[in-house]
Amino acid sequence: MAERRKFLLDESEMPTSWYNVLPDLPEPLPPVLHPATGKPVTPDDLAPIFPMALIEQEMSQERWIEIPEEVQEVYKLWRPTPLFRAKRLEEALDTPARIYYKYEGVSPPGSHKPNTAVAQAYYNKKEGVKRLTTETGAGQWGSALAFGCNLFGLECKVYMVKVSYHQKPYRRVLMETWGAKVVPSPSEDTEAGRKVLQEDPDCPGSLGIAISEAVEDAATHDDTNYSLGSVLNHVLLHQTIVGLEAKKQMEMAGDYPDIIVGCIGGGSNFAGLFLPFIKDKLEGKKEDLRVICVEPEACPTLTKGPYAYDYGDEAGLTPLLKMYTLGHNFVPPPIHAGGLRYHGMAPIICHLYNLGKVEAVARHQTQVFEAAIKFARAEGFVPAPEPAHAVRVTIEEALKCKESGEPKVILLALSGHGHFDLAAYDAYLAGKLEDYELPKEEIEEALKGLPKVPA
Ligand SMILES: *Cc1c(COP(=O)(O)O)cnc(C)c1O
């Protein structure tokens, strides 16, 4: 009998709760600190820009948190997402490994990001908020939030880094198609933007400036909140629907992963996949489970950064998070995986890495695109440059199995498609893609800007 290629759940089998790992951590997560006082933040500190439901989820000790019915209804536009067995890739590699991938590219914005954008829009709407602001670089997060806001009748204002606004118009068009207002940042709409423009009218913008604008907008309008697409505990929580589905699908396949591989920018897509599995590792049911986080050599947060308190944003406006960091002033080289160019990392992933429960490796973008092309030619799907990092390491692990003859089970997080990233593929195919070797001194320089934290 031919082996099955895909494992699909019925809508009725879609999980109805998210999994919160906080109560299952072997040691509690270090607290988030107020930047002025150095004391742990309170819900009141966060209330001006986040709805109370999300603030509660950020700190919750409940293991299971029910997904509101309205959110489940929206999820069903594209969920449950498929799990595939990469049979043709296995054959191309001639490996005894069994490779599976969980594919989040089937959502309308084309990635995992709407799993949290939809939930965040819902909770804000429920608490009477009329409008959400956010920043976006290449536009993946902005388009997910525009999609979520549109479904719940919220206005959405996206501050998009000016150089991306002009160089990458298609995701802007997508945002506008879903009704969002998109402005190039720095803009004339905020104090922060006007100040930058006064000094440098041709400023190309940066995520740091865009965050300052989005936060200022939210803080100065009563009906407006701010929304973040990765890093925070509640974002990772919403993404666990990915791993909860995958667990059921792996069961259908009659397999359990020995290795789970994913890319990490702020950590949300990968944590969404691996957290429900790492529960089994932490409980001793699958102690030898390996979880491999893959980051770019150009932004090597876990592999080269220290574990320290730092701001979540480049502007230094947010509370202090304990995380592996390259320093909030670090400006990563312009690699094509825009979603992986973040100086810090989700505190939950950092904590698990610090405890030795997950591994991390870094790869160069040319090796990554080489792997992505191999994957696309075998499996058809064209990976976004971000998950292509995970594709690279999946192939490496499968080839190790070929050496050793071990039929390991590998599960890959394929967080999105690359249809908006074809310029990057074009550069690779034309032999124009460059790798960036990051000088140690550059990292050390950026780390000098780490904030001082009272002991
Ligand atoms: C934004 C993005 C990422 C990186 O963000 P995480 O929070 O680390 O998941 C990865 N893959 C895709 C497709 C993205 O759009």
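These figures come from a predicted structure and were not determined experimentally.

**Regarding the site of the ligand**
Taken together, 17 residues lie near the ligand, and Lys113, Ser230, Gly265, Ser268 and Ser415 sit nearest. Between Ser268 and the ligand, the recorded distance is 2.7 Å, taken from a side-chain N or O atom to an oxygen atom. In isolation the ligand offers 390 Å² of accessible surface; the protein chains occlude 97% of this area. Contributions of two or more residues to the shell around the ligand are made by helix H12 (268-282) and helix H16 (385-404).

**Quick word on the pairing of strand S6 (residues 131-136)**
Most of S6 sits inside the fold, with 6 of its 6 residues counted as buried. Burial of the side chains of S6 extends over both faces: Arg131, Thr133 and Glu135 are buried on one face and Leu132, Thr134 and Thr136 on the other. The sheet contact formed by S6 and strand S7 (residues 155-161) spans 6 bridges and is parallel. Note that in S7 the partner of Thr133 across the bridge is Lys157. Assessed by its sense of winding, the connection that carries the chain from S6 through helix H6 (residues 140-151) to S7 is right-handed. In this structure, S6 lies alongside strand S9 (residues 224-226), joined through 3 bridges in parallel fashion. Each bridged residue has a counterpart across the sheet, and for Leu132 the counterpart in S9 is Asn225.

**Details of the pattern of salt bridges**
Scanning the entire structure with this criterion turns up 31 salt bridges. We note a salt bridge from Arg194 to Glu191, for which the minimum N-O separation is 3.4 Å. Residue Arg194 and its partner Glu191 are both found in helix H9 (residues 191-199); the two are separated by 3 residues, about one turn of the helix. Judged by relative accessible area, which is 34%, Arg194 ranks as partly exposed. Between Lys285 and Glu283 there is a salt bridge, with its nearest N and O atoms 3.0 Å apart. By relative accessible area, Lys285 is classed as exposed at 62%.

**Some thoughts on the packing of aromatic side chains**
Applying the stated rule across the entire model yields 19 aromatic pairs. Measuring from ring centre to ring centre gives 5.7 Å for Tyr122 and Phe152, while their planes differ by 65°; the resulting arrangement is edge-to-face. Taken together, the residues span a long stretch of sequence, with Tyr122 in helix H5 (residues 114-126) and Phe152 in the loop between H6 and S7 at a distance of 30 residues. Overall, the relative accessible area of 14% leaves Phe152 in the buried class. Arranged with centres 4.9 Å apart and planes meeting at 70°, the rings of Phe270 and Phe274 form a pair that is edge-to-face. Of the two residues, Phe270 and Phe274 are both situated in helix H12; the distance of 4 residues between them amounts to about one turn of the helix. Accessibility assignment for this pair places Phe270 and Phe274 in one class, buried. One aromatic cluster is present, formed by Phe84, Tyr101, Tyr103, Phe375 and Phe381 through successive ring pairs.

**Some points on helix H18 (residues 440-447)**
Within H18, burial applies to Ile443, Ala446 and Leu447. For H18, the arc enclosing every buried residue in end-on projection is 100°, short of the 170-degree limit, so these residues lie on one face. In the core, the buried residues of H18 are packed alongside helix H13 (301-304).

**Here's the deal with helix H14 (residues 347-354)**
Working note: α-helix, 3.6 residues per turn, so residues spaced by three or four point in the same direction. A large share of H14 lies buried, amounting to 6 of its 8 residues. Buried within H14 we find Pro347, Ile348, Ile349, Cys350, His351 and Leu352. A positive phi of about 75° marks Gly356, the residue just after H14.

**Points about the sheet that holds S7**
With parallel pairing, the 4 strands of this open sheet are ordered in space as S8-S7-S6-S9. Both outer strands of the open sheet, strand S8 (181-185) and S9, are each paired with one neighbouring strand and no more. The average undirected angle you get between the axes of adjacent strands in this sheet is 25°. In this sheet, S8 lies alongside S7 in parallel orientation, the contact comprising 5 bridges. When the sheet's bridge partners are listed, Met160 is paired in S8 with Pro184.

**Examining the nonpolar core**
Grouped together as the largest cluster of nonpolar side chains are 78 residues, with contacts concentrated most on Trp18, Tyr75, Phe274, Leu275, Leu302 and Ile349. Both domains that furnish three or more residues to this core are identified here as domain 1 (79-110 + 233-445) and domain 2 (114-228). When neighbours within four sequence positions are excluded, Leu275 is seen to be in contact with Tyr19, Val21, Thr240, Ile348 and Leu352. Core analysis: the second largest hydrophobic core is formed by 24 residues, Tyr101, Ile259, Val261 and Ala390 among them.

**Topic: the packing of H9 against helix H10 (residues 207-220)**
Viewed as axis vectors pointing N to C, H9 and H10 meet at an angle of 145°, and their least axial separation amounts to 7 Å. On the side of H9, the interface is formed by Glu191, Ala192, Gly193 and Val196, while H10 contributes Ile209, Ser212, Glu213 and Glu216. Among the residues forming the contact of H9 with H10, the class breakdown is 3 nonpolar, 2 polar and 3 charged.

**Considering the environment of His221**
By the element assignment, His221 lies in the loop between H10 and S9. For the pair His221 and Pro48, spaced 173 residues apart in sequence, the C-alpha separation works out to 9.7 Å.

**Re the environment of Ala384**
Mapped onto the elements, Ala384 comes out in the loop between helix H15 (365-379) and H16. Relative accessible area serves as the criterion here: at 5%, Ala384 is assigned to the buried category. Apart from residues lying up to four places away in sequence, Ala384 is in contact with Gly416, His417, Gly418 and Asp421.

Rules of the game
- Residues numbered from 1 in each chain as written.
- Predicted model: local features only at pLDDT ≥ 70, side-chain atom pairs only at ≥ 80, totals over all residues.
- Heavy atoms only, no water.
- Near = heavy atom within 4 Å.
- Polar contact = N/O pair within 3.5 Å; in protein donor to acceptor, adjacent residues only side chain to side chain.
- Areas by Shrake-Rupley, 256 points an atom, 1.4 Å probe, with all protein chains shown as cover.
- Helix = DSSP H or I, 4+ residues; strand = E, 2+ residues; numbered from the N terminus.
- Buried < 20%, exposed > 50% of the residue type's maximum accessible area, 1.4 Å probe, protein only.
- Pairing = 2+ DSSP bridges.
- Right-handed = clockwise from strand over helix to strand, strands pointing away.
- Salt bridge = Lys/Arg side-chain N within 4 Å of Asp/Glu carboxyl O.
- Phe/Tyr/Trp six-rings, centres within 6.5 Å; stacked < 30°, edge-to-face > 60°.
- Arc of directions from axis to C-beta.
- Contact = heavy atoms within 4.5 Å.
- Axes fitted to C-alpha atoms, helices over the stretch in contact; angles between N-to-C directions.
- Core = buried A, V, L, I, M, F, W, Y, C linked by side-chain atoms within 4.5 Å.
- Domains from an automatic or database assignment.
- Nonpolar A, V, L, I, M, F, W, Y, C, P; charged D, E, K, R; others polar.

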